[in-house]
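Per-entry structural report
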Amino acid sequence: MSIQVQGVSKSFTVGGTTHAALTDVDIDVAERELICILGPSGCGKSTLLNIVAGFLPPTSGRVLVDGRAISGPGADRGVVFQEYVLFPWLTVAGNVAFGLELKAVPSDERMRIVRHYLTLVGLNAHADKYPVQLSGGMKQRVAIARALANDPAIVLMDEPFGALDAQTREVLQDELSRIQSVEPKTILFVTHSIREAVYLADRVVVMTSAPGRIKQVVPIKLGELRDRFAAEFTQYESELTRLVKEEVAKVHE
Amino acid sequence: MMEWGLRGPTLARRRALGMRVGAIALFLASWALVAGVVEALGLVNPIFLPGPWLVIGKVVELALNGQLWAHVGATLQRVALGFSSGAVLALAVGLPAGHFRSVRRAVEPVVELLRPIPPLAMLPLFVVWIGIGEESKVGFITYATFFPMFLTTVHAVRRIDPLLVRAAESLGARPRQLFFRVLLPAALPEILTGMRLGLALSFFVIVISEFIGAEHGLGYLINDGRNFFLVPQMLGAAVVLGLLGYAGNALVRLLERRTLRWQHPA
């Protein structure tokens, strides 16, 4: 499935004063493409993701999924949150099975799918644990497995690795890029980490500081297996750093 | 090393239990001593302060001749009916009121109007409206326990992390599924706390409603004891009420531990 974000603007009214969070954003995400949205904090990138997820209505403009306008959240768009948001009363396996149970998938089929995705994220040994017993990295693996097991065509990720330590972060980036090569999805990935964007994205959408607009779209032509220390990688990193810095500087003017 | 590690907590627990039993024994001993001294010196009429042996003896006597069970049964049945209908009502109104602002706006003003009135002030009204039979006693427990359980339910639903709802919706949850699979389990810990409050309140109010026009029940037994100056019977019924309340609380706690295992898995 593809996503078209068409002329989306969003403003919030707090205590009588209206301020714009997003202005006239257009993005086309092709099927099985991974797009990173990069920008300084407060630029509205999470707002954009929430609009595509259907959690927030845009003030103007629209979001099309496969040519049809969305009207709310749906199982066609899986979401992975920065805060993991697992169901604490369900085990790891129960969390991964949640969407399948909603669809009344027969139990043997369901168990097969759950095992497949737990294996994919390396958590088969922890299927019966509860979320309180897991580390942050493990929780986010469960959240990714939960989103994928529901078989959405689109996965929306809102700074999914933002709360993790640097090492765990890179491990999960590796896992995501491996999963993407095995079972490719259309992915919209919000991050403020430049390295993460260069490592994962087919294209990077750089946003301006608030109100967020698209500053530039940078295609990353690095192939599938990326080396974080290769010269081209570093080049992309410095180019994106320059673009983001201009925006951060504007905030401090 | 392992053995010490394993025995440590058991020893500590055994000691804690020992101290509890000791405290109760000490209390009973002081009571017995005071009652004994009062009786020996003839300070006041010993009928006012029977020793623990008389109270326990009375309870045993009533248990053996079967009277106690009829009273316990009557009280427990009223509590069970009144409390469970109060709980069902509190959930049926409280869950939607917590989730939907429109429902909350419609219900809350009425609840806030009635809630500050001490429920006991309404008891005579219940008697006037429904009579002195079982219905008014059960109905009164329902009325009195509704408020704390309603409020905790509304609060429980309102403080559910909205991201849990978003996560469920983006996994395809329809409103009904959202309600039973997310809102209810997420609110359950606080709902159960509210139920423990409600159960304690049930025992609180049933005694008083059994003072008024009852022929059975532990409250009746106390009131009957007052009429005929049977202090051991009054205290005995109070002790049994205490034990029932304790058991009820322990039962809900057990239910909490069972259903909320996810909070502290082994």
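Data block above holds the structure.
Residues numbered from 1 in each chain as written. Chains lettered and ligands numbered in written order. Predicted model: local features only at pLDDT ≥ 70, side-chain atom pairs only at ≥ 80, totals over all residues. Heavy atoms only, no water.

1. Comments concerning the sheet that holds strand E1 (residues 3-14) of chain A
Residues and elements named next belong to chain A. Where we set the bar: At least two DSSP bridges between two strands are needed for those strands to be called paired. Here a strand is any run of E in DSSP of at least two residues, a helix any run of H or I of at least four, and the numbering for each starts at the N terminus. What makes two residues a contact is simply this: any of their non-hydrogen atoms within 4.5 Å. Lines fitted to C-alpha atoms define the axes, with helix axes restricted to the stretch in contact, and inter-axis angles between N-to-C directions lie between 0 and 180 degrees.
Pairing within the open sheet is antiparallel, and its four strands lie in the order E2-E1-E4-E5. Pairing within the sheet leaves two strands with one partner each, and these edge strands are strand E2 (17-29) and strand E5 (68-69). Examined bridge by bridge, E1 and strand E4 (residues 60-65) share five bridges and lie antiparallel to one another. In the strand pairing of E4, serine 9 is matched with serine 60. Here helix H1 (residues 45-53) sits on the sheet in contact with E1, E2 and E4, set at roughly 115° to E1.

2. Some points on helix H3 (residues 107-120) of chain A
All names here are of chain A. How we decide: Multiplying 1.5 Å by the residue count of a helix minus one yields the expected span of that helix. Only protein chains enter the area calculation, which uses a 1.4 Å probe; residues under 20% of their type maximum are buried, those over 50% are exposed, and those in between are partly exposed. For this quantity, the arc is that covered by the directions from the helix axis to the C-beta atoms.
Spanning 14 residues, H3 covers 20 Å between terminal C-alpha atoms, matching the ideal 20 Å at 1.5 Å per step. Along H3, the residues classified as buried are Ile113, Val114, Tyr117, Leu118 and Leu120. Take H3 and look down its axis: the buried residues cluster within an arc of 155°, on one side only. After H3 finishes, the residue glycine 122 shows a positive phi value of roughly 70°.

3. A look at the packing of aromatic side chains
Note on aromatic pairs: each is described by the distance of the centres and the angle between the planes. Residue and element names in this part refer to chain B. We apply this condition: Note on ring pairs: Phe, Tyr and Trp rings are taken, using the six-membered ring of Trp, and paired if centres are within 6.5 Å. Classes follow the plane angle, with under 30 degrees stacked, over 60 edge-to-face and the rest tilted.
Going through the model one piece at a time under the given rule, you end up with 14 aromatic pairs over all chains. Ring centres of phenylalanine 146 and phenylalanine 150 lie 5.2 Å apart, and the angle between their planes is 25°; on these two criteria the pair is classed as stacked. One end of the pair is phenylalanine 146 and the other is phenylalanine 150, both in helix H6 (residues 134-158) and four residues apart, which spans about a single turn. Taking relative accessible area as the criterion, phenylalanine 146 reaches 11% and is therefore assigned buried.

4. Looking at the sheet that holds strand E8 (residues 186-191) of chain A
All names here are of chain A. Taken in spatial order, the six strands line up as E6-E7-E8-E3-E9-E10 in an open sheet, and their pairing is mixed. Each edge of the open sheet carries a strand with a single partner, namely strand E6 (77-80) and strand E10 (214-219). Strand-to-strand twist of the sheet, defined as the mean angle between neighbouring strand axes without regard to direction, takes the value 15°. In this sheet, E8 lies alongside strand E7 (residues 154-158) in parallel orientation, the contact comprising five bridges.

5. What about the nonpolar core?
Condition: We call a set of buried Ala, Val, Leu, Ile, Met, Phe, Trp, Tyr and Cys residues a nonpolar core when their side-chain atoms join them within 4.5 Å.
Counting 88 residues, the largest nonpolar core has Ile27, Phe87 and Leu156 of chain A together with Leu218 of chain B as its most contacted members. Per-element tally for this core: the top contributor is helix H8 (residues 175-211) of chain B, with twelve residues. The contact partners of leucine 156 of chain A, leaving out residues within four places of it in the chain, are Ile3, Leu49, Val52, Ala53, Arg77, Gly78, Val79, Val80 and Leu188 of chain A. Core analysis: the second largest hydrophobic core is formed by 53 residues, Tyr84, Ala97, Ala197 and Leu243 of chain A among them.

6. Observations regarding helix H5 (residues 119-130) of chain B
All names here are of chain B. Between its first and last C-alpha atoms H5 spans 16 Å; for twelve residues at 1.5 Å apiece the expected length is 16 Å, and the two agree. Within the span of H5, buried status applies to Met122, Leu123, Phe126 and Val127. In a view along the axis of H5, the buried residues occupy a sector of 160°, so they form one face of it. Residues of H5 that are exposed and angled more than 90 degrees away from the buried face: Val128 and Trp129.

7. Topic: the side chain of arginine 226 of chain A
All names here are of chain A. The criterion, for reference: Asp and Glu are treated as the negative residues and Lys and Arg as the positive ones, with His and the ends of the chain left uncounted. Salt bridges are defined by distance alone: a side-chain nitrogen of Lys or Arg within 4 Å of a carboxyl oxygen of Asp or Glu. Polar contacts, as counted here, are pairs of nitrogen or oxygen atoms within 3.5 Å of one another; within protein the pair requires one atom able to donate a hydrogen and one able to accept it, and residues that are adjacent in sequence qualify only if both atoms are side-chain atoms.
Here arginine 226 is to be found in the loop between E10 and helix H7 (231-252). Despite its burial, arginine 226 pairs with no opposite charge; the closest candidate is aspartate 202, at 4.3 Å N-O. One polar contact links the side chain of arginine 226 to the main-chain carbonyl oxygen of glycine 223, over a distance of 3.0 Å. Dropping the residues within four chain positions of it, arginine 226 is found in contact with Val198, Tyr199, Leu200, Ala201, Asp202 and Ile220.

8. Details of the interface of chain A and chain B
This is how the line gets drawn: Summed over both partners, the accessible area (1.4 Å probe) lost when two parts come together is defined as the buried area.
The interface is formed by 25 residues belonging to chain A together with 20 residues belonging to chain B. Carbon and sulfur atoms supply 71% of the area that chain A and chain B bury against each other, a total of about 2,000 Å² over both sides. Of all residues in chain A, Trp89, Phe98 and Leu102 of chain A bury the most surface against chain B, accounting for 32% of the area lost on that side. At the junction of chain A with chain B, the criterion picks out one salt bridge. Of the charged contacts, one joins glutamate 101 of chain A and arginine 181 of chain B as a salt bridge, the two residues approaching to 3.2 Å between their closest N and O atoms. Elements supplying a minimum of two residues to the side of chain A that touches chain B: E6 and helix H2 (92-102) of chain A. A total of four residues in the side of chain A that touches chain B trace back to one element, the largest contributor, which is H2 of chain A.

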